[in-house]
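# A closer look at the structure
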Amino acid sequence: MTSPRILWEDTMDELDKLRYPIGRFERLKEPLDRATRARVIDDIEQAPARMRQLVAGLSDAQLEMPYRPGGWTIRQVVHHVPDSHMNAYIRMKFAVTEDAPTIKAYEEGRWAELVEAKSGPVGMSLDLLAALHRRWVAFLRALPESEFQKTYVHSEMGRVTLDEAISLYSWHGRHHAAHVRQALNSVTTS
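What this report covers is the structure whose coordinates are included nearby. (Residues numbered from 1 in each chain as written. Predicted model: local features only at pLDDT ≥ 70, side-chain atom pairs only at ≥ 80, totals over all residues. Heavy atoms only, no water.)

### Quick notes on the pairing of strand 1 (residues 151-154)
Each regular strand shows side chains that alternate between the opposite faces of the sheet. As paired strands, strand 1 and strand 2 (residues 158-161) are joined by four bridges and run antiparallel to one another. For Tyr152, the partnering residue across the bridge sits in strand 2 and is Val160. The turn linking strand 1 back onto strand 2 is made up of three residues. (Pairing = 2+ DSSP bridges. Helix = DSSP H or I, 4+ residues; strand = E, 2+ residues; numbered from the N terminus.)

### As for the nonpolar core
Formed by 26 residues in total, the largest nonpolar core has its most connected members in Met92, Trp136, Phe139, Leu140 and Ile166. Broken down by element, this core gets its largest block of residues, six residues, from helix 8 (residues 162-189). Not counting residues within four places of it along the chain, the set of residues in contact with Leu140 comprises Ile41, Ile44, Met92, Phe148 and Ile166. If you look at the next biggest cluster of nonpolar residues, it comprises 20 residues, including Tyr67, Val122, Leu126 and Ala177. (Core = buried A, V, L, I, M, F, W, Y, C linked by side-chain atoms within 4.5 Å. Buried < 20%, exposed > 50% of the residue type's maximum accessible area, 1.4 Å probe, protein only. Contact = heavy atoms within 4.5 Å.)

### Focus: helix 2 (residues 34-55)
Here helix 2 spans 33 Å end to end across 22 residues, near enough to the 32 Å set by a 1.5 Å rise per residue. At Gln46, helix 2 shows its maximal kink, close to 40 degrees; a proline, Pro48, follows between one and four residues later. Backbone nitrogen of Ala35 and a side-chain oxygen of the N-cap are separated by 3.1 Å at the start of helix 2; the cap is Asp33. Looking at the residues trailing helix 2, positive phi occurs at Gly57, about 80 degrees. (Expected span 1.5 Å × (residues − 1). Bend = angle between axes of the 7 residues up to and from the residue. Polar contact = N/O pair within 3.5 Å; in protein donor to acceptor, adjacent residues only side chain to side chain.)

### Quick notes on the environment of His175
Within the element layout of this structure, His175 appears in helix 8. With residues near it in sequence (within four places) discarded, His175 still touches Arg19, Tyr20, Pro21 and Ile22.

This is the structure in structure tokens:
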């Protein structure tokens, strides 16, 4: 007979795979080299097109599919990404213009429950994401290399360098794109 503990651990492993389909973000142990930083910024640049391509042509019913049991819908994921990335962009600008500022976190789960995130057309967030990323990438590519070691202080993560922040948001865009793919795949495999 299988013990309840093993079943619980298996269930938690499966839930973790559904929540983090590309794995959890791993904090940086050292600064990025110039080539890796350029690839990370390129990935941030490509995130809006990747998200737009994933949801192109989806019906309202498809946009209401959750990426996992109890998880956000595809629509909520699409609206969440620019919410999160706007906060990231502003945090990075604070880090460059102030001395290790303490930044304000936001309640992303509560933002995802607001009316426009639950029912608004995804096109407005896709357009916002595209414009935001054009501006963000222009900002990042214009920064001297030394600026990427500047920091902000996050209530949960502590001190975060810009190198780490861009790595996090490169991961974040791919993480949520994987959620959308996961939701779409669950329909084709069921």
